[in-house]
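# Results of the structural survey
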Amino acid sequence: AATATVAMLLPSKYEAAATVQVDPRKKSITNIESVLTDLKGDQPTIESQTELIKSRSITLQVIELMNLRDDPEFTGPSLREKAMTWIGLGTKRTVEPHRKPQSDPMADLAAGLKPGQTAPERDALAQAFSENLRVARVRNTLLIEIEYTARDPVKAARIANAVAEVYVKDQIDT
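Let me begin by describing the structure that accompanies this report. All of these numbers come straight from a predicted model, not from anything done at the bench.

## Quick word on the sheet that holds strand E1 (residues 14–21)
The sheet built from three strands is open, its strands ordered E1-E3-E2 with antiparallel pairing. Where the open sheet ends on each side, the last strands, each with one partner, are E1 and strand E2 (133–137). Strand-to-strand, the axes of this sheet are offset by a mean angle of 20°, without reference to chain direction. Two elements, E2 and strand E3 (residues 143–150), share five bridges in a ladder whose sense is antiparallel.

## Quick look at the packing of helix H2 (residues 43–53) against helix H8 (residues 153–173)
At a minimum axis distance of 10 Å, the contact between H2 and H8 shows a crossing angle of 115°. The two elements H2 and H8 meet at a crossing, and its hand is right-handed. Across the interface between the two elements, Gln49, Leu52 and Ile53 of H2 pack against Val163, Tyr167 and Gln171 of H8. Grouping the constituent residues of the contact of H2 with H8 by class yields four nonpolar, two polar and no charged.

## Here we look at the nonpolar core
Nonpolar side chains tend to gather and get buried jointly when the protein is soluble and globular. If you look at the biggest cluster of nonpolar residues, it comprises 29 residues, and the most contacted ones within it are Ile53, Val62, Phe129, Ile146, Tyr148, Ile159 and Val163. Secondary-structure elements contributing two or more residues to this core are E1, H2, helix H3 (56–65), helix H7 (124–131), E2, E3 and H8. The element contributing the most residues to this core is H8, with eight residues. Ignoring anything within four residues of it in the chain, the contact list for Ile53 reads Val20, Ile58, Leu133, Val135, Ile144, Ile146, Val163 and Tyr167.

## Let's talk about the environment of Leu142
Along the chain, Leu142 turns up in the loop between E2 and E3. For Leu142, a relative accessible area of 24% translates into the label partly exposed. In the structure, Leu142 is positioned 96 residues away from Ile46 in sequence and 6.9 Å away in space, judged by C-alpha atoms.

The rules we used
- Residues numbered from 1 in each chain as written.
- Predicted model: local features only at pLDDT ≥ 70, side-chain atom pairs only at ≥ 80, totals over all residues.
- Heavy atoms only, no water.
- Pairing = 2+ DSSP bridges.
- Helix = DSSP H or I, 4+ residues; strand = E, 2+ residues; numbered from the N terminus.
- Axes fitted to C-alpha atoms, helices over the stretch in contact; angles between N-to-C directions.
- Left-handed = near helix turned anticlockwise from the far one by under 90°.
- Contact = heavy atoms within 4.5 Å.
- Nonpolar A, V, L, I, M, F, W, Y, C, P; charged D, E, K, R; others polar.
- Core = buried A, V, L, I, M, F, W, Y, C linked by side-chain atoms within 4.5 Å.
- Buried < 20%, exposed > 50% of the residue type's maximum accessible area, 1.4 Å probe, protein only.

Put into structure tokens, the structure is as follows:
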């Protein structure tokens, strides 16, 4: 009975995927030069692009683009906190929404702090976002699959697509 109760309390999780192709050939995309100019199709290049997609820069752009700092899935208590409260081992608390860090690395450097002396930027929402993001090369191809897990299937798909779109836009702009 306890197992069934716990299973009913667990939120559903949905996974959605988007795929991008790293293409080393030069192409024109609506009169814009190749998205990934002069890239080789070798493993280090594809792995580098995979890491770029998972980067904090892409993550933060998607969070801001989709206004996830105001999304209850990201600002509410964690599943662990809910379970502990439900069984009486935790206390209910008012959850503060994840706020954008106010740290400005350039201001820190201008204030005389040397690199390595500044406090690292801590953004719990970006961390939570990254834990639900999986980026991997599709075996022996130039394809990279971007998967996102969320409680809502539409949200999972929108986030996976947004990550792909932000990455492609970033490649076009650089």
